[in-house]
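The chain contents come next:
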Amino acid sequence: MKVTIKDIAREANLSLSAVSRVLNNKPCRVSEEKKELIRSIAKKYNYTANQIARSLVTKKTNTFGLILPDIENIFFSSFAKRLEANCRQHGYALIITNTDDKYAEDLEMIDLLLARDVDGLFLIVSTESYQYVKPMMERLSKLSIPYVMVDRVYPEFDCNKVFFNHETGAYLAVRHLIEHGHQRIGCIANKLSSQSRDYRLDGYMKAMQEYGCEIRDEYIVEGDYRIHSGYHAAEQLLATDISAFFVCNDMMTLGVFRKLYEGGYSIPEDYSIVSYDNTIAPFLSDIKLTSIEQNITELGNTAFEVLFAQVGNEELPVKEICLLPKLIENETVQSLKA
């Protein structure tokens, strides 16, 4: 049977309030001898506080919710791990949910976490939600708890946001290829998502235009950030005259690798590649991938700090924090310059 504060108070022959204050490290008029007695009894019975009962008093559950679009994506799962560590260090539990990149699931997970009385939300919206920005903004504006949009944000929406400058990241990737002599560069982008449609694809276009490279429709192929779409996109791009790939996330890059290896192509001798996220390097034994790094630790720490500050301080102004990605240069880009 679970031991309660009442049980400890009975055995210690002290009041319930005195025991509660000692176990919660609050000031009280109890001798050090009695405090030690209370703690020893609690230890003997492996007492743990009833968080539900405590939340009725404090109006806090010490839980946060996290909504992910695809928990199988290494970037999102790694972010969840970093965020959970931050939460635990500050006495919070993290409830992690997955939407399979569907707008309806976004709404369902918001309702589910609200029903769990979480103290705040970390939200990475689905790709599909960009087709329903107005109703999603209306739903978020009605939330009674603090929240932070992470990674994927609505530029026109005024709320807490922590994200990377994806246009800059893509520009760095494509410029790196151009500086190594590549002019015909294919791009695999998720045109429905904010990152690719508005930013990563914009970064690709900006670099190509700035350096006078020809942009052809067949050079830009749709992908959905999953491995299979990278595979099929690579198949389309191999029918063109490109010499290099810019792939807008690591999961699609895995699909590109598979297609190239099946075709007997070598990297970077036959095709150069720059990826985005820099999350799969530990899993690649025979290749050192050049990629744009989004520092997941920085993203997780910053998102947590923003939300943690908002709990109990609803009058704080919203924060919009844009982080800078960087190019990690390795061995998947061949120089075509003489």
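Along each chain, the written sequence defines residue order, and numbers are assigned to residues from 1. At least 70 in pLDDT is required for a residue's local features to be given in this predicted model, at least 80 for side-chain atom pairs to be given and counted, and no such filter applies to totals for whole chains, interfaces and linings, which use all residues. Here the side-chain values reflect all heavy atoms present in the structure, with hydrogen atoms and water set aside.

J.: Describe the overall build of the chain, with residues and values.
T.: Helix numbering and strand numbering both begin at the N terminus, where a helix is a DSSP run of H or I of at least 4 residues and a strand a DSSP run of E of at least 2. A tally of helices and strands in the chain yields 12 helices and 12 strands. Here the globule rule is a power law, 2.2 Å times the number of residues to the power 0.38, and the radius of gyration is based on C-alpha atoms. The C-alpha radius of gyration of the chain comes to 25 Å, more than 25% above the 20 Å expected for a compact globule of 338 residues. Projecting the C-alpha coordinates of the chain onto the three principal axes gives extents of approximately 85 × 45 × 30 Å. Within the chain, counting contacts between residues at least 6 apart in sequence, those at least 24 apart form 72% of the total. All accessible areas in this document rest on Shrake-Rupley with a 1.4 Å probe, and a residue is counted as covered only by the protein chains that are shown. When the accessible surface of the chain is totalled, it reaches about 16,600 Å², and 49% of it is carbon and sulfur. Across the chain, the centroid of the 38 positively charged side chains sits 12 Å from that of the 47 negatively charged ones. What makes two residues a contact is simply this: any of their non-hydrogen atoms within 4.5 Å. Here Asp and Glu are counted as negative and Lys and Arg as positive; His is not counted, and neither are the chain ends. Charge positions come from single atoms, namely NZ of Lys, CZ of Arg, CG of Asp or CD of Glu.

J.: Residues and numbers for the sheet that holds strand β4 (residues 147-150), please.
T.: The parallel open sheet is built from six strands, whose spatial order is β2-β1-β3-β4-β5-β11. At either end of the open sheet lies a strand with only one pairing partner, and these are β2 (93-98) and β11 (320-323). Direction aside, neighbouring strands of the sheet carry axes that sit 15° apart on average. As a rule, the C-alpha atoms of each element are fitted with a line to give its axis, helices using only the stretch in contact, and angles between N-to-C directions run from 0 to 180 degrees. Here helix α5 (residues 74-89) sits on the sheet in contact with β1 (63-68), β2, β3 (120-123) and β4, set at roughly 175° to β1. Only strands joined by at least two bridges in the DSSP assignment are considered to pair.

J.: Please provide a residue-by-residue account of the domain arrangement of the chain, values included.
T.: Source of the domain bounds: an automatic or database domain assignment. What the domain assignment reports for the chain is domain 1 (5-49), domain 2 (60-164 + 296-324) and domain 3 (166-294). Each of domain 1 and domain 3 was reduced to a C-alpha centroid, and the two centroids are 61 Å apart.

J.: Please provide a residue-by-residue account of the pattern of salt bridges, values included.
T.: Salt bridge criterion: a side-chain nitrogen from Lys or Arg within 4 Å of a carboxyl oxygen from Asp or Glu. Here the structure, examined in full by the defined rule, presents 17 salt bridges. A salt bridge links Arg-184 to Asp-241, with the nearest nitrogen and oxygen atoms 3.7 Å apart. Here Arg-184, found in the loop between α8 (166-179) and β6 (185-189), pairs with Asp-241, found in the loop between α10 (227-237) and β8 (244-247); they are 57 residues apart in sequence, far enough to count as distant. With its nearest N and O atoms 3.4 Å apart, the salt bridge here joins Arg-216 to Glu-214.

J.: Let's hear about the sheet that holds strand β7 (residues 220-222): which residues, and what values?
T.: Strand order across the open sheet formed by six strands is β7-β6-β8-β9-β10-β12, with mixed pairing between neighbours. Since the sheet does not close on itself, it has two edges, and those belong to β7 and β12 (326-328), each with one partner. Looking at each pair of strands side by side, their axes are set apart by 20° on average, direction ignored. In this structure, β6 lies alongside β8, joined through four bridges in parallel fashion.

J.: So, unusual backbone geometry: which residues are in play, and what are the values?
T.: Note: most peptide bonds trans; most residues except glycine with negative phi. Ile-267 connects to Pro-268 through a cis peptide bond whose omega is 5°. Tracing the backbone through its elements, the reader meets Pro-268 in the loop between α11 (250-262) and β9 (272-277). Phi at Asn-13 takes a positive value of approximately 60°, unusual for a residue other than glycine. One can find Asn-13 in the loop between α1 (5-12) and α2 (16-23). For the exposure calls, accessible area comes from a 1.4 Å probe over protein chains only, and a residue counts as buried if that area is under 20% of its type's maximum, exposed if over 50%, partly exposed in between. According to the relative accessible area criterion, Asn-13 is exposed, its value standing at 69%. Phi is positive for Asp-151, which is not a glycine, with a value near 70°. Structurally, Asp-151 is set in the loop between β4 and β5 (161-164).

J.: Account for the side chain of Ser-229, with residues named and values stated.
T.: Relative to the assigned elements, Ser-229 resides in helix α10. A relative accessible area of 8% means that Ser-229 is categorised as buried. Pairs of N or O atoms within 3.5 Å make up the polar contacts considered here, provided that, within protein, one atom can donate a hydrogen while the other can accept it, and that residues adjacent in sequence are counted only when both atoms are side-chain atoms. In this structure the side chain of Ser-229 is engaged in a polar contact, spanning 2.8 Å, whose partner is the side chain of Asp-224. When residues no more than four places from it in sequence are discounted, the contact partners of Ser-229 are Gly-223, Asp-224 and Met-252.

J.: How would you explain the environment of Cys-248 if you had to name every residue and give the values?
T.: Assignment of secondary structure puts Cys-248 in the loop between β8 and α11. For the pair Cys-248 and Asn-295, spaced 47 residues apart in sequence, the C-alpha separation works out to 16 Å.

J.: Kindly report on the packing of aromatic side chains, identifying the contributing residues and their values.
T.: The rule is short: rings of Phe, Tyr and Trp, with Trp giving its six-membered ring, pair when the centres are within 6.5 Å, and they are stacked under 30 degrees, edge-to-face over 60, tilted in between. For the structure on display, the rule yields 12 aromatic pairs. When the centroid spacing of 6.1 Å and the interplanar angle of 70° are considered together, the rings of Phe-64 and Phe-304 count as edge-to-face. Of the two residues, Phe-64 sits in strand β1 while Phe-304 sits in helix α12 (residues 296-310), which places them 240 residues apart along the sequence. Assigned by exposure class, Phe-64 and Phe-304 land together as buried. The ring of Tyr-276 has Arg-200 lying over it, and the distance from NZ or CZ to the ring centre is 4.0 Å. One cation-aromatic arrangement involves Lys-206 over Tyr-171; the distance from NZ or CZ to the ring centre is 5.3 Å. Geometrically, a charge over a ring is one whose NZ (Lys) or CZ (Arg) sits within 6 Å of the ring centre while staying within 35 degrees of the ring normal.

J.: Describe α10, and please don't skip the residues or the numbers.
T.: If you check which residues of α10 are buried, you get Ser-229, Gly-230, Tyr-231, Ala-233, Ala-234 and Leu-237. Structurally, α10 contributes buried residues whose contacts are with β6, β7, β8 and α11.

J.: Please provide a residue-by-residue account of the pairing of β6, values included.
T.: By the criterion of burial, β6 is predominantly enclosed, with five of the five residues buried. In β6, alternate side chains face the same way, and those of Ile-185, Cys-187 and Ala-189 on one face and Gly-186 and Ile-188 on the other are all buried. The pairing of β6 with β7 spans three bridges and is classified as parallel. From the neighbouring strand, Ala-189 faces β7, where its bridge partner is Glu-222.

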